[in-house]
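Below are the chains, spelled out letter by letter.
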Amino acid sequence: MKKNFALAAVACAAAVLSVPLANACTRVLYETGTGNFIVGRTMDWYDDTATDLWAFPRGMARDGGVGPGSIQWTSKYGSIVGDIYDAGSADGMNEAGLVTNVLYLAESDYGDARATGKPLLSIGAWGQYILDNYGSVAEAVAGLQTEPFAIIAPALPGGKAAAGHIAIADASGDSAIFEYLQGKLVIHHGREHKVMTNSPPFDEQLAINTYWNDVGGLKFLPGTHRAADRFARVGWNLRATPQVKDQALAVATVFSIIRNISVPLGISDPEKPNIAATLWRTVADTKERRYYFESAFSPSVFWVDMSKLNLAAGFKPSKLDLSNKPILSGEVSGKFAAAEPFKFLSH
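Let us look at the structure shown here.

Secondary-structure assignment places Asn94 in strand E7 (residues 88-94). For Asn94, a relative accessible area of 0% puts it in the buried group. In terms of polar contacts, Asn94 uses its side chain to reach the backbone amide nitrogen of Ala96, at 3.0 Å. Ignoring sequence-local partners within four residues, the contact set of Asn94 consists of Tyr77, Gly78, Ser79, Leu131, Tyr134, Arg289 and Met306.

Shown next, in the form of structure tokens:
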């Protein structure tokens, strides 16, 4: 038995060490003691993502953002969104309490989109399409598994690949992970999918995590900033954390989990983007429809109550400009100003 355990340990270590370098972001789905659900995530990146917050109303005419052949739709739900490079919706929540979190995945392969003959969608619009069109995870899975579009993924500003997978969760606690691998859409759907990081693909992450679950977090957990190590650590912390009933304490609990897994400022290597500093964190309360934002450059947390935003059809999109890293605290819906929406990433 000891020999078999040792062999398993060696095999697992080899698997972890073979994980491709991938940018470091982490997402968790936490259930409170009253059966409510809160999503937290970190954005870890090698340079400034130029993130602002946006309020997008219902009834917006949208398209996939990549020119002729782009898919078109009209938003059914209003949403609050954190963008990246003014080119994509990287994070957000809609009026129904559906949350999207886009994280980096080096192994992403969207295939030859134009060869499919399907309507086209910029990868920068992927999260927004989900927020605009679906009110629950089950509805999103049913809609997206038909593959109504093919994804175009141009390079990001600066030349890095726009390679990502997306986690979604709703107010019922349902959860799903979407990845494109070798040109094929892979969906992991189930309430048990509470954690997502980066490489390797999600099914391999689950296999590696099984080993660490057997070891036990009170004995030993892997400690590097690699995605597979963070998956194991944050998964154990999430399971070990009490399900508190007080809503404010529940939000604080989620912040404590994602702060614990964050990467300190100054730790960044463009050649090894798996070691990248945490730039910002978000916490989305699906019951209260409250979206919290914490910049690593600010000493305070601020939030937006979606009920206080103008999200009805006919209202203009509005923006909370964070370009100068303002120090904000408390509820900030009144600081949004009307603005033209950003254009999705294109050639």
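Still more ground to cover, so stick around.
Turning our eyes to something else, we now look at the pairing of strand E3 (residues 53-56). Across the two faces of E3 the burial is the same, with Leu53 and Ala55 and Trp54 and Phe56 all buried. Pairing of E3 with strand E6 (residues 79-84), which is carried by four bridges, proceeds in the antiparallel orientation. Following the sheet pairing, Phe56 is matched in E6 by Ser79. As paired elements, E3 and strand E18 (residues 318-320) share three bridges and run antiparallel to each other. Looking at E18, one finds that Ala55 is bridged to Ser318.

Reading across the sheet, the nine strands line up as E13-E12-E11-E8-E7-E6-E3-E18-E20 and stay open at both edges, with antiparallel pairing between neighbours. If you trace the sheet from one side to the other, it starts and ends with strand E13 (184-189) and strand E20 (337-338), each paired once. The pairing of strand E11 (residues 164-169) with strand E12 (residues 175-181) spans four bridges and is classified as antiparallel. Looking across to E12, one finds that Ile166 is bridged to Phe178. The sheet strands contacting helix H2 (residues 126-133) are E3, E6, E7, strand E8 (99-104), E11 and E12, and the helix crosses E11 at an angle near 20°.

Summed over the entire model, instances satisfying the criterion amount to 16 aromatic pairs. The interplanar angle of 15° and the centroid separation of 5.7 Å between the aromatic rings of Trp54 and Phe56 together place this pair among those described as stacked. Under the relative-accessibility criterion, Trp54 is labelled buried at 2%. Aromatic pair Trp54 and Phe342: ring centres 5.5 Å apart, planes at 75°, arrangement edge-to-face. You can see Trp54 sitting in strand E3 and its partner Phe342 sitting in the segment after E20, a full 288 residues away along the chain. Side by side, Trp54 and Phe342 carry an identical accessibility label, which is buried. The rings of Trp54, Phe56, Phe342 and Phe344 are connected pair by pair, giving a single aromatic cluster. Directly above the ring of Phe56 sits Arg62, whose terminal nitrogen or CZ lies 4.4 Å from the centroid. Over the ring of Tyr46 we find Lys160; its NZ or CZ atom is 5.5 Å from the centre of that ring.

This part is about the pattern of salt bridges. In total, this model carries ten salt bridges according to the counting rule given. The partner of Glu147 in a salt bridge is Lys118, and the shortest N-O contact between them spans 3.7 Å. You can see Glu147 sitting in the loop between helix H3 (137-144) and strand E10 (150-152) and its partner Lys118 sitting in the loop between E8 and strand E9 (120-122), a full 29 residues away along the chain. A residue is classified by how much of its surface remains accessible, and Glu147, at 28% relative accessible area, is partly exposed. The exposure class of Lys118 is partly exposed, given its relative accessible area of 31%.

With eight of its eight residues buried, H2 lies for the most part within the structure. Three or more residues of H2 are buried, namely Trp126, Gly127, Gln128, Tyr129, Ile130, Leu131, Asp132 and Asn133.

Attention now goes to the nonpolar core. Ranked by size, the top nonpolar core spans 91 residues in total, and within it Leu53, Trp126, Ile130, Phe149 and Phe178 carry the most contacts. Per-element tally for this core: the top contributor is helix H6 (residues 247-260), with six residues. Trp126 has contacts with Tyr110, Leu121, Phe149, Ile151, Gly164, His165, Ile166, Phe178 and Tyr180, leaving out every residue within four places of it along the chain. Counting five residues, the second largest nonpolar core, distinct from the first, contains Val66, Ala113, Leu120 and Ile152.

This part takes up the side chain of Asn36. Considering the arrangement of structural elements, one finds Asn36 in the loop between strand E1 (26-31) and strand E2 (37-44). What makes Asn36 buried here is its relative accessible area of 13%. Only 3.0 Å separates the side chain of Asn36 from the side chain of Thr34, close enough to count as a polar contact.

Summarising burial for strand E16 (residues 290-295): five of the six residues are buried, a large majority. Counted between consecutive antiparallel strands, the loop separating strand E15 (residues 278-285) from E16 contains four residues, among which Arg289 sits at a positive phi close to 55°. Of the pairings in the sheet, the one linking E16 to strand E17 (residues 301-305) comprises five bridges and is antiparallel in character. Pairing of Glu294 across the sheet is with Val301, part of E17. With antiparallel pairing between neighbouring strands as the criterion, E16 and E17 make up a hairpin whose turn holds five residues.

Turning our attention to H6. Taking 1.5 Å of rise per residue, the 14 residues of H6 would be expected to cover 20 Å, and the 20 Å separating its terminal C-alpha atoms lies within 8% of that figure. When we look at burial in H6, the residues that qualify are Gln247, Ala250, Val251, Thr253, Val254, Phe255, Ile257 and Ile258. If you check the start of H6, you find a side-chain oxygen 3.2 Å away from the backbone N of Ala248, and it comes from Asp246.

The rules behind the values
Residues numbered from 1 in each chain as written. Predicted model: local features only at pLDDT ≥ 70, side-chain atom pairs only at ≥ 80, totals over all residues. Heavy atoms only, no water. Helix = DSSP H or I, 4+ residues; strand = E, 2+ residues; numbered from the N terminus. Buried < 20%, exposed > 50% of the residue type's maximum accessible area, 1.4 Å probe, protein only. Polar contact = N/O pair within 3.5 Å; in protein donor to acceptor, adjacent residues only side chain to side chain. Contact = heavy atoms within 4.5 Å. Pairing = 2+ DSSP bridges. Axes fitted to C-alpha atoms, helices over the stretch in contact; angles between N-to-C directions. Phe/Tyr/Trp six-rings, centres within 6.5 Å; stacked < 30°, edge-to-face > 60°. Lys NZ or Arg CZ within 6 Å of the ring centre and 35° of its normal. Salt bridge = Lys/Arg side-chain N within 4 Å of Asp/Glu carboxyl O. Core = buried A, V, L, I, M, F, W, Y, C linked by side-chain atoms within 4.5 Å. Expected span 1.5 Å × (residues − 1).

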